[in-house]
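# Commentary on secondary and tertiary structure
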Amino acid sequence: MIDRDLEGWTIAFDLDGTLVETHQDLVGTLNRMLVKHGLPETPMESAASLIGGGARALLQHGFERAGASWDEAHAPALFEDFIADYVEHIDDHSRPFDGVVETLERLSARGAILCVATNKRSDLSELLLGKLDLTRHFAAIVGPDRVSARKPSGAHLIEAVKLVGGDPARAIMVGDASPDTGAAQDAGMPCIVATFGYSPIAPEDLGGDVLIDAFEDVEEAIDGLVVDFYVQKALADA
Ligand SMILES: O=C(O)COP(=O)(O)O
Ligand SMILES: [Mg+2]
């Protein structure tokens, strides 16, 4: 029998760059938008570092980098066009990182509640996770539209954890970029940082608690943070 030793713990996962390698499809859509507007395509690897703040930020920064002046008046139509294209191509190349399914299954079997806290719109997150057969692992998929403030606000994480019936004092964030570490710090939660994601800042400089170079290492990182929690608690109670 598996020991349900993570009972009472909630793990919140970022989506893009943490659970799923999405950059080819996101940047593919960005590049089709750029070409449509007579602008040069942006190289895949440099544009990937724009992922993390949501699709609108990717679009705006992608256009600005290509030398276009950002026009707020035309932004809503451009954004709508971007989303329509992305929906068509959302799982052309996007795949879970190695070890995601097995690791999520193990964490669930050990009693942890899992949720997604992403700056990707909830409808797009649900569509993508559904296509990749990942929805079943999560008690909730919480995009910025389902909370009072998006990452890096701690409210995103606290509200997501509460939504699944978890306790923010026994919750851990797993992410790849500064919105994730910022939100975790703001929420007073420990943060595990995936070094295989899309951060323009070096992962070791993001201010997380543990770095992981492969998704499957998240389980050991969680175990370490949970032990730390109980050690601190024992010291405080002594
Ligand atoms: O779509 C984005 O830019 C951000 O999504 P993430 O919060 O899951 O990294
Ligand atoms: Mg991310």
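Remember, it's a predicted structure, so these values are computed and weren't measured experimentally.

Glancing now at the overall build of the chain. Along its length, the chain carries nine helices and eight strands. Computed over the C-alpha atoms, the radius of gyration of the chain is 18 Å, within 12% of the 18 Å expected from 2.2 N^0.38 for a compact globule of 238 residues. Based on the C-alpha atoms only, the size of the chain along its principal axes is roughly 65 × 30 × 30 Å. Looking at the 238 residues of the chain, the share that counts as buried comes to 41%. Put simply, of all contacts in the chain between residues at least 6 apart along the chain, 63% involve residues at least 24 apart.

The next subject is the site of ligand 1. Not every one of the 13 residues close to ligand 1 is listed here, only the nearest: Leu15, Asp16, Thr118, Asn119 and Lys120. Broken down by class, the residue content of the shell around ligand 1 amounts to four nonpolar, six polar and three charged.

What follows is about the UniProt feature "binding site: Mg(2+)" (unreviewed entry) in the chain. Per the UniProt record, "binding site: Mg(2+)" (unreviewed entry) is found at Asp14, Asp16 and Asp176. For the residues just named, distributed over 163 residues, the greatest C-alpha separation is only 8.2 Å, placing them together at one site. By the secondary structure assignment, Asp16 is in the loop between strand S1 (10–13) and strand S2 (20–21). Residue Asp16 is classed as buried on the basis of its 27 C-beta neighbours within 10 Å.

This paragraph deals with helix H1 (residues 23–36). In a regular helix each residue adds 1.5 Å, so 14 residues correspond to 20 Å; H1 covers 20 Å between its end C-alpha atoms and thus fits that length. Restricting attention to buried positions, one finds in H1 the residues His23, Asp25, Leu26, Val27, Thr29, Leu30, Met33 and Leu34. Turning to H1, the residues buried within the fold contact S2, helix H2 (44–48), helix H3 (55–65) and helix H4 (75–89). Looking one or two residues past H1, Gly38 carries a phi angle of roughly 75°, positive in sign.

With 63 residues, the main nonpolar core has Ile11, Ala12, Leu114, Cys115, Leu157 and Met173 as its most contacted residues. When residues no more than four places from it in sequence are discounted, the contact partners of Ile11 are Leu107, Ala112, Leu114, Ile172, Val174 and Ile222.

Glancing now at the UniProt feature "active site" (unreviewed entry) in the chain. As annotated in UniProt, the feature "active site" (unreviewed entry) corresponds to Asp14 in the numbering used here. Mapped onto the elements of the fold, Asp14 is located in the loop between S1 and S2. For Asp14, the residues in contact, after removing those within four places along its chain, are Ala117, Thr118, Val174, Gly175, Asp176 and Asp180.

The buried count for strand S4 (residues 113–117) comes to five of five residues, which makes it a mostly enclosed element. Taking every second residue as pointing to the same face, both faces of S4 are buried, with Ile113, Cys115 and Ala117 on one and Leu114 and Val116 on the other. When S1 meets S4, the two strands line up parallel, connected through four bridges. Residue Thr10 lies in a different strand from S4, and its bridge partner there is Ile113. Where the polypeptide runs from S4 across helix H6 (residues 122–131) and back to strand S5 (residues 140–142), its parallel neighbour, the crossover connection is right-handed.

All right, on to the environment of Leu19 then. Along the chain, Leu19 falls in the loop between S1 and S2. Measuring from C-alpha to C-alpha, the distance between Leu19 and Val100 comes to 6.6 Å, with 81 residues separating the pair along the chain. If sequence neighbours within four positions are ignored, Leu19 has contacts with Phe13, Pro96, Phe97, Val100 and Leu134.

Each packed pair of helices is defined by two parameters, the angle between the axes and the distance between the axes. With their axes 10 Å apart at the nearest point, H1 and H3 run at an angle of 50° to one another. The orientation of H1 relative to H3 falls into the category oblique. Considering how the two elements wind past one another, H1 and H3 form a crossing that is right-handed. Two secondary-structure elements touch here, H1 through Leu26, Leu30, Met33 and Leu34 and H3 through Leu58, Leu59 and Gly62. Residues that form the contact of H1 with H3 fall into these classes: six nonpolar, one polar and no charged.

Packing of H3 against H4 leaves a shortest axis separation of 10 Å and a crossing angle of 115°. As the angle between them shows, H3 and H4 are arranged roughly perpendicular. In terms of crossing hand, the pair formed by H3 and H4 is right-handed. Every residue of H4 that contacts H3 at Ala55, Arg56 and Leu59 is listed here: Leu78, Phe79, Phe82, Ile83 and Tyr86. In terms of residue class, the contact of H3 with H4 is built from seven nonpolar, no polar and one charged.

Rules and cut-offs
Residues numbered from 1 in each chain as written. Chains lettered and ligands numbered in written order. Predicted model: local features only at pLDDT ≥ 70, side-chain atom pairs only at ≥ 80, totals over all residues. Helix = DSSP H or I, 4+ residues; strand = E, 2+ residues; numbered from the N terminus. Rg over C-alpha atoms; globule rule 2.2 N^0.38 Å. Buried ≥ 20, exposed ≤ 12 C-beta atoms within 10 Å, placed from the backbone. Contact = placed C-beta atoms within 7 Å. Near = placed C-beta within 6 Å. Nonpolar A, V, L, I, M, F, W, Y, C, P; charged D, E, K, R; others polar. UniProt positions renumbered as here; feature names shortened; annotations may be inferred. Expected span 1.5 Å × (residues − 1). Core = buried A, V, L, I, M, F, W, Y, C linked by C-beta atoms within 7 Å. Pairing = 2+ DSSP bridges. Right-handed = clockwise from strand over helix to strand, strands pointing away. Axes fitted to C-alpha atoms, helices over the stretch in contact; angles between N-to-C directions. Parallel < 35°, antiparallel > 145°, perpendicular 65-115°, else oblique. Left-handed = near helix turned anticlockwise from the far one by under 90°.

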